[in-house]
Amino acid sequence: MSYLLPHLHSGWEVDQTILSEEDRLVILRFGTDYDETCMQMDEVLNGVADKVKNFAVIFLVDITQVPDFNEMYELYDPCTVMFFYRNKHMMIDLGTGNNNKINWAFTDKQEFIDIVEVVFRGARKGRGLVISPKDYSTKYRY
């Protein structure tokens, strides 16, 4: 599914995308197109892209092709999703302890849309950290 979403091929492109988007949330998926977790996440991202197009834009960044951000954003997981609004990194409290990013794949599209809406509303109000509508601290317990 990654071929249906726009890719950013250099650090400069990533920076310009984050800088140039004024009114919408920028969602970046860092990872590789051939990773299984990324494939799952890409399917969800592609499914929600049309529904969130008025307030969010989604891009994919290959961490092997664009290694510029690997150390800066601690991109050690196979698939990482981060949010930016008006050149500011948006953090989200998911209950996992890591507020900087989402590092697992979603299976439910509506669940991801809810998170994007919460991040966008918080960003519009000037908040740098928002609380997730669902607690993911017990995600792997069941």
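Here, the structure is the one placed above.
Residues numbered from 1 in each chain as written. Predicted model: local features only at pLDDT ≥ 70, side-chain atom pairs only at ≥ 80, totals over all residues. Heavy atoms only, no water.

Chemist: Explanation requested: the pattern of salt bridges in the structure shown.
Modeler: Close approach of charged atoms lets side chains of opposite charge pair. Scanning the model with the defined rule gives 5 salt bridges in all. K53 is the salt-bridge partner of D50, the closest N and O atoms lying 3.3 Å from each other. Through salt bridges that share partners, R29, D33 and D42 make up one connected network. (Salt bridge = Lys/Arg side-chain N within 4 Å of Asp/Glu carboxyl O.)

Chemist: It is not clear to me how helix α1 (residues 11-20) should be interpreted in this structure. Could you clarify?
Modeler: Within an α-helix, residues lying three or four positions from one another point in the same direction, as the helix has 3.6 residues per turn. When α1 is considered as a whole, its buried residues turn out to be G11, V14, T17 and I18. Seen along its axis, α1 keeps its buried residues to an arc of 130 degrees; they face one direction. Away from the buried face of α1 by more than 90 degrees, exposed residues W12 and S20 are located. The inward-facing, buried residues of α1 abut β1 (7-8), β2 (25-31), β3 (56-62) and β4 (79-85). (Buried < 20%, exposed > 50% of the residue type's maximum accessible area, 1.4 Å probe, protein only. Helix = DSSP H or I, 4+ residues; strand = E, 2+ residues; numbered from the N terminus. Arc of directions from axis to C-beta. Contact = heavy atoms within 4.5 Å.)

Chemist: Help me understand the nonpolar core in this model?
Modeler: Generally speaking, soluble globular proteins have nonpolar side chains that are buried together. In this structure, F83 and F112 are the most contacted members of the largest nonpolar core, which totals 33 residues. Where this core is concerned, the elements lending two or more residues are β2, α2 (36-49), β3, β4, β5 (88-93) and α3 (109-124). Among the elements that take part in this core, α3 stands out by supplying 7 residues, more than any other. Sequence-distant contacts of F83, defined by excluding residues within four places in its chain, comprise L25, V26, I27, K88, H89, M90, I92, I102, F112, I115, V116 and V119. (Core = buried A, V, L, I, M, F, W, Y, C linked by side-chain atoms within 4.5 Å.)

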